[in-house]
Structures are given as C-alpha cells and as structure tokens.
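Survey of secondary and tertiary structure
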Amino acid sequence: VSEELRRAQEEWEAVEEIQSGLGGTSAGAAPPISFNEALQYFQTADLSECRKKVRATVRRRGLAALVRFLFGPPRLQPQLQGERELALAMAQCGLDDNERVHMRILQTIYKKLTRSGLGCPRYGAHWEELGFQGADPGTDLRGTGMLGLMQMLYFVMDSRTLPLAQEIFKLSQHETQAPAITLILLQNFPFCIMSVNITRIVIQALREECLSRECNRRQQVIAVLNDLYAAAFLQLYRVWKWQHKTLADSGFLLKELELSTRKKPKQLLKSLEAYVNRSPAADGFQQPFPPSASGGGEEINFTGVCDLQIELEGEARLI
C-alpha cells in the first residue's frame, strides 16, 4: 500500500509540475538562477528602451547647489557610471513573460521563500501569499521594475542572507486567524510589497547621489545597492519584531527608513556588517550569520508602487 501511495504522490507532483509550466515546459525543470547569472543576463541584454526612460540625476541650483558642493557627498566616479546606469535601467525594465530569465527569477524567489521544490503557475493567488497584491507580481513593480525582483533574488540566493530573508518572511506570515479584538497585535505584512518599497527607497538614494561615497570606496554600485537593501530590511525587521509593530505603523517606519538611507547610509551598512559578523541568536537564529559577499503611526495603503517622484525639497512620497 505504501508503495502505491508513493507512486500516486509522485504522479500528482508531476501533474503539478506540468500545470505550473512556463511556455509549455515544466517550471520545476528550470533550475534556480543565481544572482550573478541573472546579472550577467542584464549586462548583455538590450536595455536601450529602458535606458531611454532613465531620468537624469537630480540637479540643484543656486544656494542648494552650493550647499551640496560644500557639504554634500562626492560625485560618483566616471568608471562607475555604467554600472549605475545599468541599475537604473533594470528599474525601468518590466517583467516579461517571454523572457525565460525573468521567469526563472520569479520562480526562484517563490521556491526559496516557500521552501518548495515545485514551481508554480505564472498567475495565481499563491503570489498574494508571498506578499504581492494580486495574481500578477508584475503589476507591483512599477517604479522598481526588475531591479525589485533582482534584489529579492539577491536576498534569497546568498546562503548568508537567506536565513534572514526567511525569518523576515516568517514574521510577515504572522498568524492572521485571531479574534477581531486582537487584530491590532498581529504583525503580518505583505513581504514582497515591503521589499519593493525598500528597493524604491534605495533607488531614490542612488539617484540623489547619497551613496556615491560608498560606491567610490568599494568601486561597486550594484553590490552597494544590495547591501543597503539588506541593511534597510534588517533595520525594518528589528524594529517591527521587537517593538511589536503592525501595518498601522508601516507608513511611519518606511519614512524613517527612507530618511536613514538618504542621510545615514554608512550607519545602516555598518549595522548590517556588525550583524553579519556575529551570531544573531538574540534575533532568533541558531546559526552564525557570516559576512556578506555582496554580489506609530501613519497607516500605509499597499495599493501599488508608483513611479519615483523627485522632490528637491522634503521627502519623496511613499505609498
């Protein structure tokens, strides 16, 4: 009987694999894609149309320009401009069903977060379980494009950041079946939408040249973006978990995070470095988290991620 059950289970899993196929092939047959492999794809892909949509760096005039020249961060070195432009081009690149690499990125994120060996259909309610707003993740990437997915991919594909990503995802799935009177204590949040908002914040910091000093020091751009993304997510996770935050606090927390990435990116990065160089048992992990190789109050309505809005005065709006 057990042998028959085993065969039946294998047949059912095979059916699930076929149903989740992309372009007539089995989604499970496509191996997970590494961040470096995906990055190499974008480095060689024709992104000319995406590059046309990239807006120039924010320029200040008059007194604002003088203050920035005297006290602001340095300009990005010329040899790094190409990598910066690539990052911004990826942020303008939409999810394309006909691009196999795009689909592999999406499937890899799903498998790593859910710890499933099976692929999943391109559209469906399972994406809402990951923290997208609906059946199509592509609709949530406005303003971050494929860079939003690439940073999720980085988060889940590096063995040193995967435990953190899965721990944050676990917190985002905080039990929701509870009496209405206790709903205010629930800590669940849409993981992928939160991730996209953090990527959006990081893009804004790059465009405003807040990261130029660190990029110049490391002679890298995308790796700095990824580390800042992880650092910002770590900061949000710590505050959310230990201060028992809920969705009602998300708008305030994201605005604070935006301010930190613009004004204190070095401090955020140092916090991440300190975290990954110690055993984070206090944060709920059982294994050490080695250094990365880097390859109240205001309610937020997660109804989509709009295009970046540049404001020379004040903060960029978050939705």
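What you see is a predicted model; the values in this text were computed from it and never measured.

Turning our attention to the overall build of the protein chain. From N to C terminus, the protein chain includes 14 helices and zero strands. The secondary structure elements of the protein chain, listed N-terminal to C-terminal, are α-α-α-α-α-α-α-α-α-α-α-α-α-α. For the protein chain, the proportion of its 319 residues judged to be buried stands at 48%. For the protein chain, the accessible surface area stands at approximately 15,900 Å², while carbon and sulfur atoms represent 53% of it.

As a further point, take the nonpolar core. Residues Phe-42, Ile-105, Leu-149, Met-150 and Phe-233 are the most contacted members of the largest nonpolar core, which totals 81 residues. Per element, the largest residue contribution to this core is 14 residues, and it comes from helix 12 (residues 222–242). Once residues within four sequence positions are removed from consideration, Phe-233 is found in contact with Phe-155, Ile-168, Phe-191, Met-194, Ser-195 and Ile-198.

So, about the pattern of salt bridges. With the rule as written, the count across this model stands at ten salt bridges. Arg-160 is paired through a salt bridge with Asp-158; the nearest N and O atoms lie 2.9 Å apart. A relative accessible area of 26% places Arg-160 in the partly exposed class. Salt bridges sharing common partners tie together Asp-97, Arg-122 and Asp-136.

The end-to-end C-alpha distance of helix 8 (residues 145–157) is 19 Å, a good match for the 18 Å that 13 residues give at a rise of 1.5 Å each. The buried fraction of helix 8 is high, at twelve of 13 residues. Taken together, the buried positions of helix 8 are occupied by Gly-145, Met-146, Leu-147, Gly-148, Leu-149, Met-150, Gln-151, Met-152, Leu-153, Tyr-154, Phe-155 and Val-156. In the core, the buried residues of helix 8 are packed alongside helix 2 (35–44), helix 5 (81–91), helix 6 (100–114), helix 9 (162–172), helix 10 (191–207) and helix 12.

With that out of the way, let us pick up the confidence of the model for the protein chain. Looking at the protein chain as a whole, its pLDDT mean stands at 78, while 68% of the residues score no less than 70. In this model, residues 15–28 is a region of pLDDT below 50 whose contacts with residues beyond four sequence positions or in other chains number 25 contacts. Across residues 279–319, where pLDDT falls below 50, the model places 126 contacts with residues more than four positions away in sequence or in other chains.

Glancing now at helix 14 (residues 265–276). With twelve residues, helix 14 should reach 16 Å at 1.5 Å per residue; the first-to-last C-alpha distance of 17 Å fits that figure. Within helix 14 the residues assigned to the buried category are Pro-265, Leu-268, Leu-269, Leu-272, Tyr-275 and Val-276. Angular distribution of buried residues about the axis of helix 14 spans 120°; they occupy a single face of the element. More than 90 degrees from the buried face of helix 14, the exposed residues found are Lys-266, Gln-267 and Lys-270. Looking at the buried side of helix 14, the elements it contacts are helix 9, helix 11 (212–218), helix 12 and helix 13 (250–263).

Attention now moves to the packing of aromatic side chains. For the coordinates displayed, the defined rule picks out ten aromatic pairs. Note on Tyr-110 and Trp-127: the rings are 5.6 Å apart at their centroids and 70° apart in plane angle, and the pair reads as edge-to-face. A residue pair is termed long-range when its members are at least 10 positions apart, and Tyr-110 in helix 6 and Trp-127 in helix 7 (residues 126–130) qualify at 17 residues. The exposure class assigned to Trp-127 is buried, which follows from its relative accessible area of 0%. With a centroid separation of 5.8 Å and an interplanar angle of 80°, the aromatic rings of Tyr-229 and Phe-233 are classed as edge-to-face. Highlighted residues: Tyr-229 and Phe-233, both in helix 12, separated by four residues, approximately one helical turn. Under the relative-accessibility criterion, Tyr-229 is labelled buried at 0%. According to the relative accessible area criterion, Phe-233 is buried, its value standing at 1%. Through a chain of ring-to-ring contacts, three or more aromatic side chains come together here, namely Phe-155, Phe-169, Phe-191, Tyr-229 and Phe-233. Against the face of Tyr-123 rests Arg-122, its NZ or CZ located 4.3 Å from the ring centre.

Time to look at the side chain of Ser-172. Mapped onto the fold, Ser-172 is located in helix 9. A polar contact is formed between the side chain of Ser-172 and the backbone oxygen of Phe-169, at a distance of 2.6 Å. The residues touching Ser-172, leaving out its near neighbours within four places in the chain, are Asn-188, Phe-189 and Phe-191.

Looking now at unusual backbone geometry. One non-glycine residue, Gln-219, lies in positive phi territory at about 60°. Take Gln-219: it is sitting in the loop between helix 11 and helix 12.

Looking now at the packing of helix 8 against helix 10. At a minimum axis distance of 9 Å, the contact between helix 8 and helix 10 shows a crossing angle of 110°. The pairing of helix 8 with helix 10 is recorded here as roughly perpendicular in orientation. Handedness of the helix 8/helix 10 crossing: right-handed. From helix 8, Leu-147, Gly-148, Gln-151 and Met-152 reach across to helix 10, where they touch Cys-192, Ser-195, Val-196, Thr-199 and Ile-203. When its residues are assigned to classes, the contact of helix 8 with helix 10 shows five nonpolar, four polar and no charged.

Cut-off values and rules
Residues numbered from 1 in each chain as written. Predicted model: local features only at pLDDT ≥ 70, side-chain atom pairs only at ≥ 80, totals over all residues. Heavy atoms only, no water. Helix = DSSP H or I, 4+ residues; strand = E, 2+ residues; numbered from the N terminus. Buried < 20%, exposed > 50% of the residue type's maximum accessible area, 1.4 Å probe, protein only. Areas by Shrake-Rupley, 256 points an atom, 1.4 Å probe, with all protein chains shown as cover. Core = buried A, V, L, I, M, F, W, Y, C linked by side-chain atoms within 4.5 Å. Contact = heavy atoms within 4.5 Å. Salt bridge = Lys/Arg side-chain N within 4 Å of Asp/Glu carboxyl O. Expected span 1.5 Å × (residues − 1). pLDDT = per-residue confidence, 0-100. Arc of directions from axis to C-beta. Phe/Tyr/Trp six-rings, centres within 6.5 Å; stacked < 30°, edge-to-face > 60°. Lys NZ or Arg CZ within 6 Å of the ring centre and 35° of its normal. Polar contact = N/O pair within 3.5 Å; in protein donor to acceptor, adjacent residues only side chain to side chain. Axes fitted to C-alpha atoms, helices over the stretch in contact; angles between N-to-C directions. Parallel < 35°, antiparallel > 145°, perpendicular 65-115°, else oblique. Left-handed = near helix turned anticlockwise from the far one by under 90°. Nonpolar A, V, L, I, M, F, W, Y, C, P; charged D, E, K, R; others polar.

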